[in-house]
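Read off the chains here:
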Amino acid sequence: KNEVEQSPQNLTAQEGEFITINCSYSVGISALHWLQQHPGGGIVSLFMLSSGKKKHGRLIATINIQEKHSSLHITASHPRDSAVYICAVTGNQFYFGTGTSLTVIP
Amino acid sequence: EAQVTQNPRYLITVTGKKLTVTCSQNMNHEYMSWYRQDPGLGLRQIYYSMNVEVTDKGDVPEGYKVSRKEKRNFPLILESPSPNQTSLYFCASSLWTSSYNEQFFGPGTRLTVL
C-alpha cells in the first residue's frame, strides 16, 4: 500500500533550471509536509500546508485538496539544492513518499 | 538552542542483545515519534506519542517498544534485535494542534544488527 506517491524518483537539472516535484496521496489528511534530506542524512522541514500555496525564498509549495495533489517548485536551482525531497501527509500518523533525489549540476 | 537529540548516533550490535535508543527534545512538544528509513521504502513510522503516557502504533511497530514517562523523552527499545532491524532511525517532535504540526527531526541513529 502506498498512501503517498512522489514523482519523479530521480531528477538531474542544470543550474538555473525550474524544478517541479509532484506528490499525490490517497488518505484524508490534516496537513501535507515537504521535507529536505541532505547527503549527511539530516532532515529539515521545508513546508507544512493544508491549503493553497506557500513560498520561502526560491521554494514554492502548492496543494490541491480536491485532487489530493501537491507540488514543490524550485526556481533558479542551485547545486546546494541537491538533496532528497520527501513528501509526507498527516492525520495522527505520518505517511511518507519514498523521496525524490535531486542533483543540480553547475 | 531548540533541538531533538538522539543517542547513540551509531550502533553495531548482535542479534538478541537488548538496546535502547534515547530521544529528547527541549521544545515542550506534545507529539513525539520514531521512524525508520530504509532504501527504496523511505521513512516509515514505528510509534508515536500524542502526550505523556499516550503511545500508539505506527506502520511498522513489530519488534519495538516505546515509553513516554516524561514529556521531553521518548526512548525506543529493541528487546531482541534482529538483522531486519538494521536501519537508520529518526526521532521527531512537534507541537500538535489542528493547524500546526511541523516536525523537528533528530540527527538520526544508524543501527546495524549482526
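Residues numbered from 1 in each chain as written. Chains lettered and ligands numbered in written order. Predicted model: local features only at pLDDT ≥ 70, side-chain atom pairs only at ≥ 80, totals over all residues. Heavy atoms only, no water.

Another point: the state of the cysteines. Scanning the entire structure with this criterion turns up two disulfides over all chains. Each sulfur of the disulfide joining C23(A) and C87(A) lies 2.0 Å from the other. Across the disulfide from C23(A) to C87(A), rotation about the S-S bond amounts to roughly -65°, and the bridge is consequently left-handed. One end of the pair, C23(A), is in strand 3 (residues 19-25); the other, C87(A), is in strand 9 (residues 83-90), with 64 residues separating them in the sequence. Residue classification places C23(A) among the buried positions, given a relative accessible area of 0%. One disulfide in the model links C23(B) with C91(B); its S-S distance is 1.8 Å. Between C23(B) and C91(B) the sulfur-sulfur dihedral comes to about -70°; the bridge is accordingly left-handed. With C23(B) in strand 3 (residues 19-25) and C91(B) in strand 9 (residues 87-94), this pair connects stretches of sequence that are 68 residues apart. (Disulfide = S-S within 2.5 Å. Helix = DSSP H or I, 4+ residues; strand = E, 2+ residues; numbered from the N terminus. Buried < 20%, exposed > 50% of the residue type's maximum accessible area, 1.4 Å probe, protein only.)

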